[in-house]
Amino acid sequence: MKFTVSEIAQMLNGTVVGNDQITINSAAKIEEGLPGCISFLANSKYEPYIYSTLSSAVIVNKDFVPKKDISATLIYVDNAYTAFTILLEEYQKRIAGSKSGVEQPSFIGENSETGENCYRGAFSYIGKNCVIGKNVKIYPQAWLGDGVEVGDYSVIHPGVKIYDNTIIGKNCTIFANTVIGSDGFGFAPQPDGSYKTIPQLGNVIIEDNVSIGSNATIDCATMGSTIIRQGAKIDNLVQIAHNVEIGKNTVIAAQSGVSGSTTVGEQCVIAGQVGLVGHITVANNTKIGAQSGLGKSIKKEGLSLSGSPARDLNEHLRSMALVRRLPELEERLKDLERKQETSDFQ
Amino acid sequence: MKFTVSEIAQMLNGTVVGNDQITINSAAKIEEGLPGCISFLANSKYEPYIYSTLSSAVIVNKDFVPKKDISATLIYVDNAYTAFTILLEEYQKRIAGSKSGVEQPSFIGENSETGENCYRGAFSYIGKNCVIGKNVKIYPQAWLGDGVEVGDYSVIHPGVKIYDNTIIGKNCTIFANTVIGSDGFGFAPQPDGSYKTIPQLGNVIIEDNVSIGSNATIDCATMGSTIIRQGAKIDNLVQIAHNVEIGKNTVIAAQSGVSGSTTVGEQCVIAGQVGLVGHITVANNTKIGAQSGLGKSIKKEGLSLSGSPARDLNEHLRSMALVRRLPELEERLKDLERKQETSDFQ
Amino acid sequence: MKFTVSEIAQMLNGTVVGNDQITINSAAKIEEGLPGCISFLANSKYEPYIYSTLSSAVIVNKDFVPKKDISATLIYVDNAYTAFTILLEEYQKRIAGSKSGVEQPSFIGENSETGENCYRGAFSYIGKNCVIGKNVKIYPQAWLGDGVEVGDYSVIHPGVKIYDNTIIGKNCTIFANTVIGSDGFGFAPQPDGSYKTIPQLGNVIIEDNVSIGSNATIDCATMGSTIIRQGAKIDNLVQIAHNVEIGKNTVIAAQSGVSGSTTVGEQCVIAGQVGLVGHITVANNTKIGAQSGLGKSIKKEGLSLSGSPARDLNEHLRSMALVRRLPELEERLKDLERKQETSDFQ
């Protein structure tokens with residue numbers, strides 16, 4: 001996809017200084033730019049790069065005053081960072097927007113409907129009684145069971161598997177090979193040592209504007225629903241167990257896991273490789289550091305936690321510093337013991 | 001799927017008090033029930049909910065005596081919990097049982113056979129020389145390589161990949177996008193710093209009644225077999241490396257990993273995000289707490305372990321309590337040092 | 001696949017003692033061999049097994065002198081271990097080599113080319129403008145977006161998903177259901193508490209001779225490229241975030257994760273379930289122990305690290321030993337306190 005600098009300036013409501021007929025075909029950081037690229041300068045720390053960048057154009061704040069000659073064409077805007085983001089979004093939208101229609105072979109069951117302007121990729125499978133909104137993209141090799149609902153503008157990437165009766169809201173993105181709605185891990189021990197499967201009859205509800213990464217797993221509820229509230233962002237390889245609820249705008253980084261029946265509040269930030277035990281409640285605005293293990297409910301909002309078991313971040317750091325210094329502490333203890341012996345002896 | 005209360009009572013060998021012609025179309029916890037749902041009351045802690053539940057019917061123990069009016073229809077049975085489980089299973093069986101036949105397009109290689117009443121979903125792929133038992137379900141987009149065997153009544157969910165020569169027993173369930181039998185991670189360092197791939201020629205054997213979650217990975221053996229013994233239950237995103245053996249009825253929770261050539265005994269319970277190093281043996285009935293790291297063999301049966309490195313659970317808890325109290329211990333040490341100095345000075 | 005001992009000896013440039021017309025159809029460890037198997041004896045520790053093995057043939061070093069009767073046919077070679085590896089490779093090559101041609105239905109977009117002798121499995125999908133080298137295998141249900149390049153002799157296993165503009169070198173192997181090039185986890189917080197998706201416009205570059213396990217995830221760069229350098233080996237369920245660079249011949253074991261914009265040097269060895277924070281640099285030849293968490297850059301080459309937070313392995317082990325002994329240290333502290341009190345009192 002190609003634009004002239006002039007077209008971009010118009011899109012961003014900006015003013016051009018330099019050649020506005022240059023063609024832009026990619027974006028790059030200002031320090032890595034190549035001819036044909038567009039970059040931005042927002043943080044003055046990066047200003048030195050603007051004098052040497054090979055990018056063909058740079059978006060700058062309207063108050064930017066060059067201290068030397070610049071070979072790139074400049075586009076002056078109110079806020080360079082925001083403008084750059086808008087540009088990238090526009091670019092991505094145009095690329096993504098190009099997919100629509102039905103590739104063959106693909107499968108759609110009885111009584112399932114798709115809204116206008118949908119994309120159904122080759123080898124995708126939609127079961128019976130599904131309701132697919134408008135502008136939804138179902139990429140190749142995705143599988144939707146029976147009775148699945150997907151809201152307008154949501155994107156189901158290649159190889160995603162969505163079990164029966166899952167409900168997905170609007171503007172959601174589910175990346176490749178993620179599995180939504182497979183059975184929760186529930187087994188009842190039997191007298192002979194074997195386990196009997198506890199039927200998992202609930203579903204998964206994903207509200208609007210949720211993003212879920214690749215190869216993640218979100219189990220259906222035993223009864224009722226596993227719920228991902230609106231605006232939540234879940235990274236690759238995350239595990240969400242049965243009957244969990246993830247609050248609005250909560251962010252969970254890669255490889256973390258939330259055990260069954262736990263409720264995580266709104267606006268929480270859970271870093272990578274964290275584990276939460278089952279049947280606990282985590283208050284809104286809780287922050288949990290990487291590799292932590294949370295073993296009990298957090299009632300107070302806004303805490304920062306770390307460690308396994310997780311506790312107050314600062315206390316954790318203090319203890320960890322002392323763990324590092326344990327050899328020294330033992331030396332001091334030995335020293336006191338020696339002096340004690342000497343004094344006993346005297 | 002819909003039943004009348006009368007039909008359900010007959011299925012459970014129960015006695016109805018109330019309207020037995022109400023239609024039931026879902027199950028719910030007693031505290032979350034809605035009209036059309038059936039719930040159960042087994043634990044007297046939940047008794048208050050039976051007087052306010054919106055569920056249309058509740059299964060209760062035969063000795064239950066209401067203390068107030070109840071609007072729901074009651075079904076009296078010998079054991080309410082067991083009866084409810086039986087009901088859910090029956091429900092699930094009827095749903096699951098509905099799939100059979102071959103959807104097109106699907107692929108089956110030379111010399112492969114499927115037993116009676118199988119389901120082969122669209123876009124599923126079965127290689128050459130495979131033997132698929134009766135009542136097996138191979139969901140859409142599953143892939144079976146050459147020479148794979150799947151026993152009667154096993155279910156291979158959408159997108160599962162099963163490499164050549166894997167043997168899967170009866171009544172097994174493999175959830176979506178799990179990979180069975182891909183190469184073990186084996187590389188021989190070369191003098192120039194590169195690594196040469198060690199050919200992985202073994203297979204995976206999964207015995208009867210095993211359940212494996214979604215997006216898990218089970219590697220084939222270098223030579224011989226990686227073995228999952230009967231009744232083992234493995235959760236989502238678990239990694240089982242080459243030449244591992246998982247014992248009968250052992251349970252492994254989400255995101256745990258077992259390294260190459262390790263043997264885990266029978267009836268073990270491994271919690272989430274646990275790691276086991278390679279080439280060790282773990283005795284029967286071992287319990288390992290979440291996020292633990294087991295670095296050596298466990299010879300004695302029935303131990304409870306925790307921590308990284310993992311050791312006796314109680315010792316681990318005691319040490320962790322002291323880690324939390326390290327700032328206090330250091331204060332006490334300083335205090336003694338000050339007193340010591342004072343006494344030296346006197 | 002079957003060979004006679006005579007054919008194998010010729011392949012390995014070896015000398016046969018015994019019946020060279022026996023048919024070999026499998027390989028096994030010397031202690032687990034069965035008739036029809038070939039084994040090897042390199043380490044004299046295993047010598048006792050050669051006198052009792054049921055394997056039909058054993059590859060031995062040319063200086064091996066039997067102390068008792070051996071029923072197996074022997075093949076004498078310069079280096080038994082190397083010869084065995086060559087044999088296994090040859091075996092695997094012949095099996096793998098059998099796949100070529102195009103199975104139907106499969107999908108290939110406009111303007112995409114495949115080199116000679118490629119395999120494209122049923123239900124595989126190749127987008128537009130892709131360049132696929134010669135002898136490449138694209139297994140069933142794999143998906144390649146638009147503008148993807150795959151070098152000669154690389155193998156894309158079943159269900160792998162490769163996003164637009166990914167570049168994969170020669171002789172690479174990507175195992176089942178791995179996802180390459182899905183969006184990095186980048187979201188800009190908004191004043192109302194919601195998050196706005198930061199467009200991820202970069203790609204992934206995988207150099208030659210890289211191996212990536214099953215169900216792994218490698219995110220595309222925000223801008224520029226996420227890069228896996230030549231010869232790197234990445235295990236199952238590993239997460240590589242956006243803009244990461246993994247150095248030449250670096251090995252990363254299962255379930256580890258590398259956060260955004262981190263650069264890992266050459267010849268590093270990262271064990272299982274390790275986490276690296278974002279925006280750090282790790283020097284060449286660094287070794288990181290299992291379940292470690294690395295929170296800062298490592299400048300010096302060749303260090304061995306462990307723990308979370310990770311630090312020098314030996315220091316970590318010393319501290320961990322003291323953590324285990326904390327109850328004892330507290331007792332000693334109490335003891336000193338008691339004596340101190342007594343002496344204060346005197």
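The preceding data block contains the structure.
Just so it is clear, the structure is predicted and the values come from calculations on it, not from any experiment.

### Here we look at the pattern of salt bridges
Here is step 1 of the chain: Considering all chains together, one arrives at 39 salt bridges over all chains under this definition.
Here is step 2 of the chain: When the shortest N-O distance is used, the salt bridge between Lys339(A) and Asp335(A) registers 3.4 Å. Of the two residues, Lys339(A) and Asp335(A) both sit in helix 5 (residues 326-345), four residues apart, roughly one turn of that helix.
Here is step 3 of the chain: Exposure remark for Lys339(A): the relative accessible area of 33% places this residue in the partly exposed category.
Here is step 4 of the chain: Owing to a relative accessible area of 31%, Asp335(A) belongs among the partly exposed residues under this scheme.
Here is step 5 of the chain: Put simply, Arg332(C) and Glu337(A) hold a salt bridge, and the shortest N to O gap is 2.7 Å. Residue Arg332(C) is located in helix 5 (residues 326-345), and its partner Glu337(A) is located in helix 5; the two belong to separate chains.
Here is step 6 of the chain: Among the residues examined, Arg332(C) registers a relative accessible area of 17% and is labelled buried.
Here is step 7 of the chain: One connected set of salt bridges, linked through shared partners, spans Arg325(A), Glu328(A), Arg332(A), Glu330(B) and Glu337(B).

### A short note on the relation of the copies chain B and chain A
Here is step 1 of the chain: Screw-axis analysis of chain B against chain A gives a translation of 0.0 Å along the axis, an RMSD of 0.1 Å, and a rotation angle of 119°. Given the turn and translation reported, the copies of this chain are related as if by a three-fold rotation axis.

### Here's the deal with helix 1 (residues 5-12) of chain C
Residues and elements named next belong to chain C.
Here is step 1 of the chain: The set of residues buried in helix 1 consists of Val 5, Ile 8, Ala 9 and Leu 12. The arc that holds every buried residue of helix 1, seen down its axis, measures 100°, which confines them to one face.
Here is step 2 of the chain: Within two residues after helix 1, Asn 13 carries a phi angle of roughly 60°, on the positive side.

### Details of the environment of Asn203(B)
Residues and elements named next belong to chain B.
Here is step 1 of the chain: Its location among the elements puts Asn 203 in strand 24 (residues 203-206).
Here is step 2 of the chain: A residue is classified by how much of its surface remains accessible, and Asn 203, at 12% relative accessible area, is buried.
Here is step 3 of the chain: Distance in space between the C-alpha atoms of Asn 203 and Glu 328 is 55 Å, their sequence separation being 125 residues.
Here is step 4 of the chain: Discounting residues that sit within four places of it in the chain, Asn 203 has contacts with Asn 165, Ile 167, Cys 220, Ala 221, Gly 224, Ser 225 and Thr 226.

### Remarks on the packing of aromatic side chains
Each aromatic ring pair is characterised by the separation of its centres together with the angle its planes make.
Here is step 1 of the chain: For the coordinates displayed, the defined rule picks out 27 aromatic pairs over all chains.
Here is step 2 of the chain: With a centroid separation of 5.1 Å and 80° between ring planes, the pair formed by Phe185(B) and Phe187(B) is classed as edge-to-face.
Here is step 3 of the chain: Given a relative accessible area of 16%, Phe187(B) falls into the buried group.
Here is step 4 of the chain: Judged by centre distance (5.3 Å) and plane angle (75°), the rings of Trp143(C) and Tyr163(C) are edge-to-face. In this pair, Trp143(C) is assigned in strand 15 (residues 143-144) and Tyr163(C) in the loop between strand 18 (161-162) and strand 19 (167-168), connecting sequence segments 20 residues apart.
Here is step 5 of the chain: With relative accessibility at 4%, the residue Trp143(C) sits in the buried group.
Here is step 6 of the chain: Owing to a relative accessible area of 9%, Tyr163(C) belongs among the buried residues under this scheme.
Here is step 7 of the chain: Three or more aromatic residues joined by ring pairs form one cluster here, namely Tyr119(A), Tyr139(A), Trp143(C) and Tyr163(C).

### Here we look at the pairing of strand 21 (residues 179-182) of chain B
Residue and element names in this part refer to chain B.
Here is step 1 of the chain: Relative to strand 21, strand 18 (residues 161-162) is paired through two bridges, and the arrangement is parallel. Within strand 21, the residue paired with Ile 162 across the bridge is Ile 180.
Here is step 2 of the chain: Looking at chain direction, strand 21 and strand 26 (residues 217-219) are connected through three bridges and run parallel. Paired with Ser 182 across the two strands is Asp 219, which belongs to strand 26.

Analysis parameters
- Residues numbered from 1 in each chain as written.
- Chains lettered and ligands numbered in written order.
- Predicted model: local features only at pLDDT ≥ 70, side-chain atom pairs only at ≥ 80, totals over all residues.
- Heavy atoms only, no water.
- Salt bridge = Lys/Arg side-chain N within 4 Å of Asp/Glu carboxyl O.
- Helix = DSSP H or I, 4+ residues; strand = E, 2+ residues; numbered from the N terminus.
- Buried < 20%, exposed > 50% of the residue type's maximum accessible area, 1.4 Å probe, protein only.
- Least-squares fit on C-alpha atoms with pLDDT ≥ 70 in both.
- Arc of directions from axis to C-beta.
- Contact = heavy atoms within 4.5 Å.
- Phe/Tyr/Trp six-rings, centres within 6.5 Å; stacked < 30°, edge-to-face > 60°.
- Pairing = 2+ DSSP bridges.

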